[in-house]
Amino acid sequence: MARTITVGLDGSAESRAAAEWAAREAKLRDLPVRLVHVWQPVPEPMAQAPLLGAETQQHWTERIPREAAEGLRLRHPGVEVRTEQHAGTPSDVLVEAARDAELLVLGSRALSGLGGFLVGSVGQSVVARTEVPVVLVRAGEQAADEHVADPTGVPSAATAFRPVVLGLDTGSPDDTVITFAFQEAQRRGSALYAVQGWNLPAYYAYSLAAGVDTTDALARQQAAELTDTLDPWRQKYPDVEVVEVSRLGSPAGLLVDASRDASLVVVGRRVRRSPFGVHIGSVAHAVLHHATAPVAVVAHG
């Protein structure tokens, strides 16, 4: 099957925002959009009820993807839009659909007053089990949100993209995650902000007790490691402006702060095959729930 930008669609505001984001991304990548609508059959006695008969159920399950596709084609001319319908458990169907996708895009409700995501059980399960990149888009996300304001301060989708933000751990950098972030920045013609948070080592307290403050030396060491890690990608993507951010503090907190001025945040997720279930990782989990920009979670070994 040809590669696609695949979207989990259920008719909600968050899934519609995800579909719009997917169409914009599809144009950048010159790929089709595949809308995957999953519905769960109701028990037979309920299906035969006058207000929820088989014809009514079929009408609504067919209407959601059809109308979504028509709207995308109208608003994004030139982008091919396909639709699929499947019955079953949403998380299982979406994980299977992602196998043939370039990207899987899901919606997430915005948290009122907090400005972040509410990633439900389906979204968390899919992110944790899918080995292609998964992008979470909050409800209400607009194209203009991913661009800098125009000279008068008005939001506009006609201006330059905001930077792509990459969460990077120089202790265990992964080529797949870094490459994904650089390619997204290159497609957008935007800068790439590589963000690294670090903590003071256990021996720091002993250094202070001895009258030696090693904070500045540690900061220089961490910054140098970040530069060294990024150098090969600077050479591969010379047209991408790279801004390095290496600071003392929580990696998740720094990424959430950076997301306020980002078009996309990219984080990694280590694939762990465990008999005790699947996991997203603490940094990715925190960023998914609190970032204000779309978040791409890239699985790696």
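In the block above lies the structure referred to throughout.
Parameters at a glance
Residues numbered from 1 in each chain as written. Predicted model: local features only at pLDDT ≥ 70, side-chain atom pairs only at ≥ 80, totals over all residues. Heavy atoms only, no water. Axes fitted to C-alpha atoms, helices over the stretch in contact; angles between N-to-C directions. Helix = DSSP H or I, 4+ residues; strand = E, 2+ residues; numbered from the N terminus. Parallel < 35°, antiparallel > 145°, perpendicular 65-115°, else oblique. Contact = heavy atoms within 4.5 Å. Nonpolar A, V, L, I, M, F, W, Y, C, P; charged D, E, K, R; others polar. Salt bridge = Lys/Arg side-chain N within 4 Å of Asp/Glu carboxyl O. Buried < 20%, exposed > 50% of the residue type's maximum accessible area, 1.4 Å probe, protein only. Left-handed = near helix turned anticlockwise from the far one by under 90°. Phe/Tyr/Trp six-rings, centres within 6.5 Å; stacked < 30°, edge-to-face > 60°. Lys NZ or Arg CZ within 6 Å of the ring centre and 35° of its normal. Core = buried A, V, L, I, M, F, W, Y, C linked by side-chain atoms within 4.5 Å.

Chemist: Just give me the short version of the packing of helix α1 (residues 13–29) against helix α6 (residues 175–188), but keep the residues and values in it.
Modeler: Direction vectors running N to C along α1 and α6 enclose 85°, while the axes themselves pass 10 Å from each other. Considering their axes alone, α1 and α6 lie roughly perpendicular with respect to each other. The segment α1 lies against α6, with W21, E25, L28 and R29 engaging F180, E184, R187 and R188. Tallied by class, residues from the contact of α1 with α6 come to 3 nonpolar, no polar and 5 charged.

Chemist: Pulling in residues and values, what's your account of the pattern of salt bridges?
Modeler: For the coordinates displayed, the defined rule picks out 19 salt bridges. When the shortest N-O distance is used, the salt bridge between E146 and R24 registers 2.9 Å. Of this pair, E146 sits in the loop between β6 (134–138) and β7 (164–167) while R24 sits in helix α1, placing them 122 residues apart in sequence. Accessibility expressed as a relative area gives 3% for E146, which makes it buried. The class for R24 is buried, based on a relative accessible area of 19%.

Chemist: Describe helix α9 (residues 251–259), listing the residues and the values that go with them.
Modeler: For α9, the full list of buried residues reads A252, L254, L255, V256 and S259. Turning to α9, the residues buried within the fold contact β7, β8 (192–198), β9 (242–248), β10 (264–270) and α10 (282–290).

Chemist: Describe in detail the packing of α6 against helix α8 (residues 215–236), supporting the description with residues and values.
Modeler: The interhelical angle for the contact between α6 and α8, taken along N-to-C directions, is 50°, at an axis separation of 11 Å. As the angle between them shows, α6 and α8 are arranged oblique. For α6 against α8, the interelement crossing comes out right-handed. Contact residues: α6 offers D175, I178, T179 and F182, while α8 offers T229, L230, W233 and R234. Class assignment of the residues belonging to the contact of α6 with α8 gives a composition of 4 nonpolar, 2 polar and 2 charged.

Chemist: Before we move on, could you go through the packing of aromatic side chains and cite the residues and values that matter?
Modeler: Across all of its chains, the model carries 1 aromatic pair by this definition. Taking the ring centre of F161 as reference, the NZ or CZ of R188 above it sits at 5.6 Å. Over the ring of W233 we find K236; its NZ or CZ atom is 4.9 Å from the centre of that ring.

Chemist: I'd like a rundown of the nonpolar core, residues and numbers included.
Modeler: Grouped together as the largest cluster of nonpolar side chains are 42 residues, with contacts concentrated most on L35, V105, F182 and V266. Setting aside residues up to four positions removed in sequence, L35 forms contacts with V7, L9, A19, P65, A68, A69, L72, V81, R82, T83 and E84. By size, the runner-up hydrophobic cluster in this structure holds 32 residues, among which are V245, A252, V287 and A291.

Chemist: So what about the environment of A69? Which residues, and what values?
Modeler: Mapped onto the secondary structure, A69 falls in helix α3 (residues 54–75). Residue A69 is classed as buried on the basis of its relative accessible area of 1%. In this structure the C-alpha to C-alpha distance between A69 and E80, which are 11 residues apart in sequence, comes to 9.4 Å. Beyond its immediate sequence surroundings of up to four residues, A69 is in contact with L35, V81 and T83.

Chemist: Tell me about unusual backbone geometry, and please be specific about residues and values.
Modeler: Although it is not a glycine, D30 adopts a positive phi angle of roughly 55°. Among the secondary structure elements, D30 is positioned in the loop between α1 and β2 (33–39). By relative accessible area, D30 is classed as exposed at 68%.

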